[in-house]
Amino acid sequence: MKLSTRTRYGTRALLELALHVGKEPVSLKDIARQQQISLPYLEQLVAPLIAGGIIRSTKGPKGGISLARKPGNIRLSEVIQLLEGSMSPVECIENPAVCQRSGDCAARDVWSELEGVINTYLQATTLQDLAAKQRSKGQVIRETQQVKGGQGNGR
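What this report covers is the structure whose coordinates are included nearby.

Cut-offs applied
Residues numbered from 1 in each chain as written. Predicted model: local features only at pLDDT ≥ 70, side-chain atom pairs only at ≥ 80, totals over all residues. Heavy atoms only, no water. Helix = DSSP H or I, 4+ residues; strand = E, 2+ residues; numbered from the N terminus. Buried < 20%, exposed > 50% of the residue type's maximum accessible area, 1.4 Å probe, protein only. Contact = heavy atoms within 4.5 Å. Core = buried A, V, L, I, M, F, W, Y, C linked by side-chain atoms within 4.5 Å. Salt bridge = Lys/Arg side-chain N within 4 Å of Asp/Glu carboxyl O.

Glancing now at the environment of valine 79. Structurally, valine 79 can be placed in helix H4 (residues 76-83). Judged by relative accessible area, valine 79 falls into the buried class, the value being 0%. Valine 79 sits 72 residues away from threonine 7 along the chain, and the two C-alpha atoms are 7.8 Å apart. Apart from the residues within four sequence positions on either side, valine 79 is in contact with Thr11, Leu14, Ile54 and Ile74.

Counting 29 residues, the largest nonpolar core has Leu14, Leu17, Ile55 and Leu67 as its most contacted members. Mapped by element, the contributors of at least two residues to this core are helix H1 (5-19), helix H2 (28-35), helix H3 (39-51), strand S2 (64-67), H4, helix H6 (106-124) and helix H7 (127-148). The element best represented in this core is H1, accounting for seven residues. What leucine 17 contacts, discounting residues up to four positions off in sequence, is Val26, Ile31, Ile55, Ile65, Ser66 and Leu67.

Under the definition given, this model contains three salt bridges. For the salt bridge of glutamate 24 with lysine 62, the shortest nitrogen-to-oxygen distance reads 3.5 Å. Of this pair, glutamate 24 sits in the loop between H1 and H2 while lysine 62 sits in the loop between strand S1 (55-58) and S2, and the two are 38 residues apart along the sequence. Here arginine 33 ties to aspartate 30 by a salt bridge, and the two come within 3.1 Å at their closest N and O atoms.

Everything listed here is a matter of coordinates, which is why it stays silent on function.
So this is what it looks like as structure tokens:
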């Protein structure tokens, strides 16, 4: 099971905002540069995050985007639901009617349990947790890259 680029890049953009919480809004151009995401692609990710109440947009000379809530109140499960949709590893978990064997399938039980474990983890992990992890490892990398003029891809 893989998360789409949409979810990976959207999470990285939100991480960038979480690292700037309490400061002025961040421009999409700055987020795109810092997180190495194409600006047109990042622009597509903003609308569902605004509609979902995760970020807000501020217009004007010091405009940009910022988190609409505290990072500790934004769960990764919510972000992934907005950007990815269902996290079910197989369709028959959400819609048993797609397979006549759903009720008797031991493999479906395993996939269902897997979905539960993933959802529990994502529900317990917030943008604040992600920002704390990044601060413990990424700030040094970011400063080093700026001095050397290099960039990492953060994947």
